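Structural characterization, general
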Amino acid sequence: IPPQAGDPGAVERFTREVAIARSITHRNVVRALNSGTHRGAPYLVMEWVPGRSLAAELAERGPLPAAEAVPLLRQILAGLDEIHRQRVLVLDLKPANVVIERRTGIPRLVDFGAAARLGEPYLIDGDRVAGTPPYMAPEQHAGAAVGPPTDLYAAGVILHEMLTGLRPGSALEVSPDLQPAALGDVVRRTLAASPEERYRSAWELTRAVDTAMARSAPAVTTPRRAAPRPAPAVRRRQSSALRLAADDFERALSAFEQLTERFERFTWTVAGWRGLLVVALLVLLLAGLVGHLFAP
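If you're wondering where the values come from, they're calculated on a predicted model, not measured in any experiment.

1. Thoughts on unusual backbone geometry
Look at the link from Gln179 to Pro180: it is a cis peptide, with omega at -5°. Residue Asp111 is not a glycine yet carries a positive backbone phi of 80°. Looking at where Asp111 falls in the secondary structure, it is placed in the loop between β6 (107–109) and β7 (116–117).

Okay, structure coming up:
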């Protein structure tokens, strides 16, 4: 039995984590499948996601291009938006808690060990803060009131780390070399010291990132093509034989249309195998008629 099972505080925190994890259902969040107690120790069964963490990805590859980092952040924010919609704060959002699914490349948020319901106490034992310092907002460090902007601060650190490999401690430490440059302003606002100066929701941050990327996209101009010259009119003389053939074709087409109309009306009243036989005979007769009209 793990030693934490005998700690009432640890059991209470774990029970809270289980309740929070089981309340979140989103494709960018790892699902909690089951929970219970075994030999006096509580347990939680999570969905198995083959892949590796975003932290391991960055450790191996280094900074990512914006074309790859921004779609990852957008999906992280989608999962975060659903978590906030359930009135839950993660309070420990970091690359190590983002699993990238190997087969699809979809990022999945995991680990609600530090999570708390919005408005409920989040401190441990009344004064200790759970979380990872480089990704914690100033108000979380101070043990003050937290909200969605607290998690968005961590999202800003993650975006900066994906693009530059560095984890800024404040808006003043945002790298001037961050590319595209338009994202720099977005990251600075996300890392503002005051929660009121940050974005209010994950959706608002997503929109700001998309706008910054759109402004940074190079303008695409399509070369103008010269209008094609109209082909000179060609007068074709039709022989009397050709005109007669055209007349015969029009008559045959008219007869075919009439037969088709009658055929459609008839098929609505015919059902079963007998109807199919009659339809087949009509098709044969129609083919023979068309062949007779076009016979030389």
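That was the structure; now back to the text.
2. Description of the sheet that holds β6
Hydrogen bonds between backbone atoms are what pair the strands of a sheet, whose relative direction is either parallel or antiparallel. On the basis of which strands lie adjacent, the open sheet formed by three strands has the order β3-β5-β6 and antiparallel pairing. Here the strands that pair on one side only, and so sit at the sheet edges, are β3 (51–53) and β6. Taken pair by pair, the neighbouring strands of this sheet meet at an average axis angle of 30°, ignoring direction. Sitting on the sheet, helix α2 (residues 54–61) is in contact with β3 and β5 (98–101), with an inclination near 80° to β3. Against the sheet, helix α3 (residues 66–85) contacts β5 and β6, and its axis sits at roughly 30° relative to β6.

3. Quick look at the side chain of His160
With respect to the helices and strands, His160 occurs in helix α5 (residues 148–164). Apart from the residues within four sequence positions on either side, His160 is in contact with Gly165, Leu166, Pro168, Glu173, Val174, Ser175, Leu178 and Val187.

4. As for helix α6 (residues 182–190)
Burial in α6 covers these residues: Leu183, Gly184, Val186, Val187 and Thr190. Taken end-on, α6 shows its buried residues confined to a sector of 165°, consistent with a single buried face. Packed against the buried residues of α6 are α3, α5 and α7 (202–216).

5. Some thoughts on the packing of α5 against α6
Contact geometry for α5 and α6: axes closest at 8 Å, N-to-C directions at 145°. As α5 packs across α6, the resulting crossing turns out to be left-handed. Judged by residue contacts, Leu152, Tyr153, Gly156, Leu159, His160 and Leu163 of α5 engage Leu183, Val187 and Thr190 from α6. Classifying every residue of the contact of α5 with α6 gives six nonpolar, three polar and no charged.

About the cut-offs
Residues numbered from 1 in each chain as written. Predicted model: local features only at pLDDT ≥ 70, side-chain atom pairs only at ≥ 80, totals over all residues. Heavy atoms only, no water. Helix = DSSP H or I, 4+ residues; strand = E, 2+ residues; numbered from the N terminus. Pairing = 2+ DSSP bridges. Axes fitted to C-alpha atoms, helices over the stretch in contact; angles between N-to-C directions. Contact = heavy atoms within 4.5 Å. Buried < 20%, exposed > 50% of the residue type's maximum accessible area, 1.4 Å probe, protein only. Arc of directions from axis to C-beta. Left-handed = near helix turned anticlockwise from the far one by under 90°. Nonpolar A, V, L, I, M, F, W, Y, C, P; charged D, E, K, R; others polar.

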